[in-house]
Amino acid sequence: MYHYLRTMSRKLTGLPALLLALCVLMLTAPAASASAVPAPDTATGTVLDQTGEPLPGASVMVVGTTLGGSTDIDGNFSIAGVKQGATLRVSFVGCKPADVKWEGQHLNVTLQDDGQTLDEVVVVGFGQQKKVNLTGAVSTVTGKEIAARPVNSVADALQGMAAGLDVLGAGAGGQLNATRNMNIRGAGTIGSGSSVTPLVLIDGMEGDLNDLNPDDVETISILKDAAASSIYGSRAAGGVILVKTKSGKEGKITVNYSDSFRWSRINDYPDMAPSWTWANVFNQASIAAGGGELIPAYKIDQMKQAVTDPTIPQLMTNANGTDWSFWNFGDLTSVGNTNWIDEHFGKTPFSQEHNISVTGGNEKYDFYFSGNLLSREGILVHGDDNSQRYTVNAKINVHLTPWLTFGYSNRWVRRQYDAPSALTASTWQNVMRYWPNIPTHDPNGNPTLFSYIDAFENGGRYTTYKDQTDQQFSFRINPIEGLNINGEFNYRNWSNHDKRYYLQTGYYGPQGNYIENNPNDWPAGSPIGSRVYNYSQMDILNKLTPYGLFKLTPIDNL
């Protein structure tokens, strides 16, 4: 037995070599088939960079079709089902795309670096750098991208244009005088009840994107990470948004004018349930709370019938017939069917915008002047609301000597708003809570008290306007090449004026008598009477900012 096992072990000593030979044959067989001539409709090729190195992961698409693929680690690609004469588009991040025609032969494609994206100058802090030299997270939006969007403000235009920048919905219930808020990379706080917002600098001066004419913007740089704090300190904890406005250019005087006329409508808002559906749910809630049905079944049937039968009274009187019954149940339940959202916010408003700018200059000076008017109507059906924004921008640079430049800019903006005094931020919430069974008008054709119609149309107006003037004086000294010394002085004058007057409103009773009453006790605690409120405020800000920049190498040679 021992001799048998020793003989078998000698025979098996050659087994590893045999298995190795079989593996080599199995691996070389596919290679041999892969090196064979591809099918006639299979486009193959190799993609290299400008130094001759293969580019793995390059995209190769057949123009006009859905065919495509990407290169492997050696820069090779293979696409089946391609017709001869088809155009292949080859692209790679950081390279210029190339279009090549496939004529049935193996292609060799060399992509060139896209120096334009690397040479793009980005405003960072007090200076500027090329994108290739950036170490922080920065997004850039150009004025052309903003001008291509028919929006009301720069804040609106930035929605979806920069990764990590959240442009939040306007507060104050979406009123025309509401402004948008923003955050970078999510909401942040520095303590209980606090919030962190981005620092917005317009030509180096703190400002508000909602007050800026979108047509005046040249570039916007968004500094997202903590690197911004090294320049701006703790105020940059929420990121920094740097806006550079347009300046004059050397050349002949150019005048540009543009206008925009538009109508808008709410795309989507909550659907209010019909009054009979609301009544059934109301009864279910009452039963679940241990009570009984508050709205009789025959009243629910009348709600459905009253939609098509005008003879059914939708509003009941109280027991003695001296007043209307608005919030009662049982036999006094109202049987109207009102969609309060459509009743108050169903308007299709009209807006218009006008822009004019003048620019020019020579080797001694350059200038840029612009004016903008934005007029908007609101969606309020009863008692219109409207707003206007006026902006004037002037900027001039004078080259006093080859090494000294003086600059002056002036930005003026007025935001004006006019609406019914009864329209407040809580109005939008109240409308959503109104019972749909209460009709807008009584059987005599007069607006009901809680319809807000009389309050909006005859209850007084609220008007406000804010004026702001920003002036900037600057000197730029360039004594030697690579050394720039800058000095800026900023001056802001800001004033705000509010006027709200309330006029007595009410409604007509069943007997035609006028009953004075302001709905929902507006103004607060004053259901009866008229009054006027005036409020004015003024503020002045001065800021001197000297700084210097020194570069060993001119930026054009970086």
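Residues numbered from 1 in each chain as written. Predicted model: local features only at pLDDT ≥ 70, side-chain atom pairs only at ≥ 80, totals over all residues. Heavy atoms only, no water.

To continue, consider the sheet that holds strand S4 (residues 76–79). Across the sheet, three strands lie side by side as S4-S1-S7; this open sheet has mixed pairing. Two strands in the sheet have a free side with no partner beyond their single neighbour: S4 and strand S7 (107–110). Here the average twist between neighbouring strands, direction ignored, is 25°. Here strand S1 (residues 43–48) runs beside S4; their pairing, made up of four bridges, is antiparallel. The residue bridging Thr46 from the neighbouring strand is Asn76, located in S4. (Pairing = 2+ DSSP bridges. Helix = DSSP H or I, 4+ residues; strand = E, 2+ residues; numbered from the N terminus. Axes fitted to C-alpha atoms, helices over the stretch in contact; angles between N-to-C directions.)

Along the chain, Asn478 falls in the loop between strand S24 (461–477) and strand S25 (483–502). Here the alpha-carbon distance between Asn478 and Trp403, two residues 75 residues apart in the chain, equals 4.7 Å. Here Asn484 takes part through its side chain, which lies 3.2 Å from a polar atom of the side chain of Asn478. (Polar contact = N/O pair within 3.5 Å; in protein donor to acceptor, adjacent residues only side chain to side chain.)

Attention now goes to the pattern of salt bridges. All chains considered together, the criterion is met by 14 salt bridges. The closest approach of N and O atoms between Asp211 and Arg415, which form a salt bridge, is 3.7 Å. Residue Asp211 is found in the loop between strand S14 (205–206) and strand S15 (217–223), and its partner Arg415 is found in strand S23 (residues 404–420); the two are separated by 204 residues along the sequence. Exposure remark for Asp211: the relative accessible area of 10% places this residue in the buried category. With relative accessibility at 21%, the residue Arg415 sits in the partly exposed group. Residues joined in a network through salt bridges with shared partners are Asp203, Lys395, Arg411, Asp470 and Arg492. (Salt bridge = Lys/Arg side-chain N within 4 Å of Asp/Glu carboxyl O. Buried < 20%, exposed > 50% of the residue type's maximum accessible area, 1.4 Å probe, protein only.)

Attention now moves to the pairing of S7. In S7, alternate side chains face the same way, and those of Leu107 and Val109 are buried while those of Asn108 and Thr110 on the opposite face are not. In this sheet, S7 lies alongside S1 in parallel orientation, the contact comprising four bridges. Considered in S7, the bridge of Thr46 is made with Asn108.

This next bit is on unusual backbone geometry. Of note, the phi angle at Asp203 is positive, near 55°, even though the residue is not glycine. Mapped onto the elements of the fold, Asp203 is located in the loop between strand S13 (199–202) and S14. Assessed through its relative accessible area of 18%, Asp203 is described here as buried. Phi angles above zero are rare outside glycine, and Tyr452 is one such case at about 70°.

Attention now goes to the nonpolar core. Judged by nonpolar contacts, the single largest core of 33 residues is most densely connected at Phe326 and Leu423. Listed by contribution, the elements that provide at least two residues to this core are helix H7 (275–288), helix H8 (297–305), helix H9 (340–345), S23, helix H10 (425–433) and helix H11 (453–458). A per-element tally of this core places H9 first, with three residues. Here Phe326 is in contact with Leu315, Ser334, Ile438, Thr448, Leu449, Phe450 and Tyr507, once residues within four sequence places are set aside. With 21 residues, the next largest nonpolar core counts Val151, Ala157, Ala162 and Ile222 among its residues. (Core = buried A, V, L, I, M, F, W, Y, C linked by side-chain atoms within 4.5 Å. Contact = heavy atoms within 4.5 Å.)

Attention now goes to the sheet that holds strand S6 (residues 98–101). One key point about sheets: their strands pair by backbone hydrogen bonds, in either a parallel or an antiparallel sense. The strand order across the open sheet built from four strands is S3-S2-S5-S6, with neighbouring strands paired in antiparallel fashion. Whereas interior strands pair on both sides, the edge strands pair on one side only; in this sheet they are strand S3 (68–70) and S6. Strand after strand, the sheet turns through a mean of 20° between neighbouring axes, direction not considered. The sheet contact formed by strand S5 (residues 87–91) and S6 spans four bridges and is antiparallel. From the neighbouring strand, Val90 faces S6, where its bridge partner is Ala98.

Attention now goes to the confidence of the model for the chain. Considering every residue of the chain, the mean pLDDT works out to 81; 81% of them sit at 70 or more. Mean pLDDT values over the elements of the chain span from 39, in helix H1 (residues 2–12), up to 95, in strand S21 (residues 365–377). Here residues 131–135 is a poorly scored stretch, pLDDT under 50, and it has ten contacts once near neighbours within four places are set aside; other chains count. Low confidence marks residues 549–558, where pLDDT is under 50. Its contacts with residues over four positions away, or in another chain, come to 17 contacts. (pLDDT = per-residue confidence, 0-100.)

Along its 14 residues, H7 runs 20 Å from first to last C-alpha, staying within 8% of the 20 Å computed at 1.5 Å per residue. For H7, the set of buried residues is Ser275, Trp278, Ala279, Asn283 and Ser286. For H7, the angular spread of the buried residues around the axis is 135°, confining them to a single face. Opposite its buried face, H7 presents the exposed residues Gln284 and Ala288, each directed more than 90 degrees away. One or two residues past the end of H7 sits Gly290, with phi positive at roughly 95°. (Expected span 1.5 Å × (residues − 1). Arc of directions from axis to C-beta.)

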